[in-house]
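Summary of structural features
Listed below are the residues making up each chain.
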Amino acid sequence: MSQPESLTSSDVPSSSDMPVFVEPWHAQVFALAVRLSEQGHFTWPEWAATFSEELARASAAGAPKDGSAYYDVWLTALETMLLDRNLATPKQLSDLKQAWTDAYLSTPHGAPVHLKR
């Protein structure tokens, strides 16, 4: 039995060497990481190390090699950074995920999802 190939940052779909954001949340989670780094909550090398660790975990867990899990891993890395830097608590992340799930499930198909504040 062969070892699975590892998922790397080069597996993300691209066009002219720019990331392709298939879903709006891909762009949003990307921008959040960039902004938090710009604000000094973590350095980009710290981000890259955390993201690399999460890519390795995802690959070891059998994530698809086609790049489709790239932003799922990006989100996991962002959550890790938020927790590690005490920028959010596990409960806050859990509550926010539940709020988005509730909003998504109560939104008619094709309509924009709005999070109630």
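The written sequence of each chain sets the order in which its residues are numbered from 1. In view of the model being predicted, local features appear only for residues whose pLDDT reaches at least 70, and side-chain atom pairs are presented and counted only at 80 or more, with totals across whole chains, interfaces and linings using the full set of residues. Side-chain measures here rest on the full set of heavy atoms in the structure, leaving out hydrogens and waters.

**As for the confidence of the model for the chain**
Short version of the rule: A residue's pLDDT is the confidence the predictor assigns to it, expressed on a 0 to 100 scale. Note on contacts: a residue pair is in contact if any heavy atoms of the two residues lie within 4.5 Å.
With 84% of its residues at a pLDDT of at least 70, the chain reaches an overall mean of 86. This model gives residues 1-9 a pLDDT under 50, and the stretch forms 18 contacts once residues within four places in sequence are excluded.

**As for the nonpolar core**
Heads up, the condition is: In this text, buried Ala, Val, Leu, Ile, Met, Phe, Trp, Tyr and Cys residues form a nonpolar core when linked through side-chain atoms within 4.5 Å. Here's how the labels work: a residue is buried when its accessible area is under 20% of the maximum for its type, exposed when over 50%, partly exposed in between, all with a 1.4 Å probe on protein chains only. Strands are runs of DSSP state E lasting at least 2 residues, helices are runs of H or I lasting at least 4, and numbering of each runs from the N terminus.
In terms of nonpolar packing, the biggest core is built from 18 residues, with W47, F51, W74, L78 and L82 touching the most fellow members. The set of elements that each furnish at least two residues to this core consists of α1 (24-38), α2 (44-60) and α3 (70-84). By residue number, the principal contributor to this core is α3, which donates eight residues.

**Side note on the packing of α3 against helix α4 (residues 90-105)**
Packed helices, taken two at a time, are described by the angle their axes make and the gap between the axes. The cut-off we apply is this: With axes taken as lines fitted to C-alpha atoms, and helix axes fitted only over the stretch in contact, angles between N-to-C directions fall between 0 and 180 degrees. For this scheme, ten residues count as nonpolar: Ala, Val, Leu, Ile, Met, Phe, Trp, Tyr, Cys and Pro. Four count as charged, namely Asp, Glu, Lys and Arg, and the remainder, Gly too, count as polar.
The contact between α3 and α4 brings their axes to 10 Å, and the two run at 140°. Note on element contacts: α4 touches α3 through P90, L93 and K97, opposite E79, L82 and L83. Along the lines of polarity and charge, the residues of the contact of α3 with α4 split into four nonpolar, no polar and two charged.

**A few points about the pattern of salt bridges**
The cut-off we apply is this: Only one rule defines a salt bridge in this text: a Lys or Arg side-chain nitrogen within 4 Å of an Asp or Glu carboxyl oxygen.
Within this structure, the stated rule accounts for five salt bridges. As a salt-bridge pair, R85 and E46 come within 3.2 Å of each other at their nearest N and O atoms. Of the two residues, R85 is situated in the loop between α3 and α4 and E46 in helix α2; the sequence distance between them amounts to 39 residues. Residue classification places R85 among the partly exposed positions, given a relative accessible area of 30%.

**Details of α1**
So the rule is basically this: An expected span of 1.5 Å times one less than the residue number is assigned to each helix. By arc we mean the arc of the directions from the helix axis to the C-beta atoms, nothing more.
The end-to-end C-alpha distance of α1, which contains 15 residues, comes to 21 Å, matching closely the 21 Å that a straight helix rising 1.5 Å per residue would cover. All buried positions along α1 are accounted for by H26, V29, A33, L36 and S37. Viewed along the axis of α1, the buried residues span an arc of 110°, placing them on a single side of the element. Away from its buried face by more than 90 degrees, α1 exposes P24, Q28 and E38. The elements touched by buried residues of α1 are α2 and α3. A positive backbone phi angle near 90° is found at G40, which sits one or two residues after α1.

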